[in-house]
2 protein chains.
Amino acid sequence: MRIRRRRCRSVTVGSVRIGGRAPISVQSMTNTPTADAGATIAQIRSLVEAGAQIVRVSVPDEASAAALHRIVAESGVPIVADIHFRHDLAVAAVEAGVAKLRINPGNIQRPADVRVLAEKAASRGIPIRVGINSGSIPGHIREKLGTGADALWAAAERHLLLLAETGFTDTVISLKASDPMTTVEANLRAARECDRPLHLGVTEAGPSLEGAVRSSVAIGLLLARGIGDTIRVSLSGPPEDEPFVAWEILSSLGLGRIHPRLVSCPTCARTRIDVAGIAGELSGILRRIRGDFTVAVMGCEVNGPGEAREADFAVIGSPAGMILFEGGRRLPGTVQPGEIRSRLEHELSRFAEKQGGPAR
Amino acid sequence: MRIRRRRCRSVTVGSVRIGGRAPISVQSMTNTPTADAGATIAQIRSLVEAGAQIVRVSVPDEASAAALHRIVAESGVPIVADIHFRHDLAVAAVEAGVAKLRINPGNIQRPADVRVLAEKAASRGIPIRVGINSGSIPGHIREKLGTGADALWAAAERHLLLLAETGFTDTVISLKASDPMTTVEANLRAARECDRPLHLGVTEAGPSLEGAVRSSVAIGLLLARGIGDTIRVSLSGPPEDEPFVAWEILSSLGLGRIHPRLVSCPTCARTRIDVAGIAGELSGILRRIRGDFTVAVMGCEVNGPGEAREADFAVIGSPAGMILFEGGRRLPGTVQPGEIRSRLEHELSRFAEKQGGPAR
């Protein structure tokens, strides 16, 4: 299945380009109090290690805006200020050096306010994301159109017009519903109706597992149609799961990869090793490694040898115990349960270095 | 986005029909030793509670085949026997009363063996799934075609022919690769080339989070095109996660629902309550409840009131503490952290009963 990307304009967010022919980028967001610059910078670094290329922070008050100076200086990744209600905080965030603004048309609606923040953003050459959520659609649109795909697009269109009237067109759009299919429909419409880059995400997607499914279904359907230029997976869970899931979506579609790929069998009555336990250990190890290779964990001899042949590195259960394969060849000996973690960490770091993917 | 189901024949698996106009069904598989009938029945019941409508058990030896009698009698759900290497175990499984066979053409290839098991299945009127995995494609096909989509389809086609030559056409096909896009391509081809019901899944999909993403992307893309009649999500994790994720995929696409829907915000610097903790508690509570309604957990006032208006039941963080909404109306008082679990269990069981969804 060949994916042809939709053509659209591009914007520049610090060192990252969104849209045009740029690779699809992965975003995430902190949940620390932004005013606590130290905690926020630490979480940003952790998100970046997990694969985030752009990080958004909420700016609900003056103390948060003041902390942005240090956050921008020390994060080493483009920072987006998330602004609700108060356009003056958007102005302060731009002055603090953020690389993009995200505003919510549901709560910053006065044309004069929009003009002030647009002029400020234009003065520094930074883009604005018009971010519509189904939970905060402007009242006058909700009354006419409800909260479905048409309402999401109508809210974006009105705000793009407000911005365009001030001469500002350096915009990204996001249309997020908590219902995956509403999200898909809204973005299909946006893709037809405009040439702006699209930021994809399902809002209020739920805990990690539920949220991963809904995000994968909606973002997956859109990306498979070539729609979407940057993605954010929203989860009520460990923040680092967000970029991890985002990259899993991209790699599932063959659109990008940073971590090695882990395949592991679901286990059955034939299983001879603790596949879930070993796969869990491996998942933790591989999240900290960069590289384009495949590691397989298989419980038995049915699909084990086949997957071992295909995988760059494989852990297979056998009557003799746990055995390892590299490049389709069996490594000598068996691995005892007590040495699994240290042995796998050692072998995979070695393998990643050999493959040229820098171990981090 | 309207989904039009592909037309295909149907087969009957005990009380469940697969294909034709039947709703898409959810399958799962045990990982207990099948010979331990008690443990296997207990796990089957747990899978059924999580939403499995058909459960497969591996039958690697005589002791497992012998245990099938009791498993079939006591499980209360159609049982599928998973057979590799030995056609005689397929015969024994049919005699034990299983509702379907799954055979792997990679390791049962002799036409005489296929004839014996097909005649046995036909004598009891039970269907056979021809289940191809990328890790166990027959050698002669792998040598010519590799392990991609064409090889998966070629292996299925050859086996369908073997079965058809014995007069057996009551078949379901599955074509599973560990790569999601290969899985999609193989099933697109099968959907074009034949009119058999299709069982969808990504094989060796990894631990729960990785596996949920890959399964959601591949199964989601196919179901959105109307392809797929029954699904199984394979995870190296808690078995009950499999039907849970499968139902999340179906409900993401608007194709079915058994559990209430949980929406929760990803939290940010504005968050006033422990959203992830509360959402985690709620996820556990809602997995045990049947019903078609929506519960929202929102950390603050930005999207909170909007989601509370849309949701049937909502938990919102506010400056005063945690407040509850039902049908868009605020319930009196606030909830203290210590009483969250008991209060939510009470309110949601009450709400589920009121909605007519039987609390289980």
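Here the structure is a predicted model, which means the values were calculated and not measured.

A.B. asks: Account for the pairing of strand β13 (residues 313-318) of chain A, with residues named and values stated.
C.D. replies: Residues and elements named next belong to chain A. Counting buried positions along β13 gives 6 out of 6 residues, so the element sits mostly inside the fold. Neither face of β13 is exposed, since F313, V315 and G317 on one face and A314, I316 and S318 on the opposite face are all buried. Judged from the 4 bridges that link them, strand β12 (residues 294-298) and β13 form a sheet pairing that is parallel. Note that in β13 the partner of A296 across the bridge is A314. In this fold, the crossover linking β12 to β13 by way of helix α11 (residues 304-310) has right-handed handedness. The pairing of β13 with strand β14 (residues 321-326) spans 6 bridges and is classified as antiparallel. Note that in β14 the partner of I316 across the bridge is I323. Counted along the chain from β13 to the antiparallel partner β14, the turn is 2 residues long.

A.B. asks: Describe in detail the domain arrangement of chain A, supporting the description with residues and values.
C.D. replies: Each assigned domain of chain A is listed here: domain 1 (10-252) and domain 2 (261-355). On a C-alpha basis, the centroid separation for the pair domain 1 of chain A and domain 2 of chain A is 38 Å.

A.B. asks: Mind laying out helix α1 (residues 37-49) of chain A, listing which residues take part and the relevant values?
C.D. replies: Turn by turn, an α-helix covers 3.6 residues, leaving residues three or four places apart pointing in a common direction. Residue and element names in this part refer to chain A. The first and last C-alpha atoms of α1 sit 18 Å apart over 13 residues, in line with the 18 Å expected at 1.5 Å per residue. Buried within α1 are the following residues: A37, T40, I41, Q43, I44 and L47. Projected onto a plane normal to the axis of α1, the buried residues spread over an arc of 165 degrees and lie on a single side. Elements that come into contact with the buried residues of α1 comprise β3 (25-29), β4 (54-58), α2 (62-75), β5 (79-83) and α9 (241-252). Where α1 terminates, the next one or two residues include G51, which has phi positive at roughly 120 degrees.

A.B. asks: Any details on the sheet that holds strand β8 (residues 171-176) of chain B? Residues and values, ideally.
C.D. replies: Residues and elements named next belong to chain B. Taken in spatial order, the 8 strands make up an open sheet running β8-β7-β6-β5-β4-β3-β10-β9, and their pairing is parallel. Every other strand in the sheet has two partners, leaving β8 and β9 (199-200) as the edge strands with one partner each. Note that strand β3 (residues 25-29) and strand β4 (residues 54-58) share 3 bridges and pair parallel. Bridged to Q27 within β4 is I54. Packed onto the sheet, helix α1 (residues 37-49) meets β3, β4 and β5 (79-83) and runs at close to 150 degrees relative to β4.

Conventions we followed
Residues numbered from 1 in each chain as written. Chains lettered and ligands numbered in written order. Predicted model: local features only at pLDDT ≥ 70, side-chain atom pairs only at ≥ 80, totals over all residues. Heavy atoms only, no water. Buried < 20%, exposed > 50% of the residue type's maximum accessible area, 1.4 Å probe, protein only. Helix = DSSP H or I, 4+ residues; strand = E, 2+ residues; numbered from the N terminus. Pairing = 2+ DSSP bridges. Right-handed = clockwise from strand over helix to strand, strands pointing away. Domains from an automatic or database assignment. Expected span 1.5 Å × (residues − 1). Arc of directions from axis to C-beta. Contact = heavy atoms within 4.5 Å. Axes fitted to C-alpha atoms, helices over the stretch in contact; angles between N-to-C directions.

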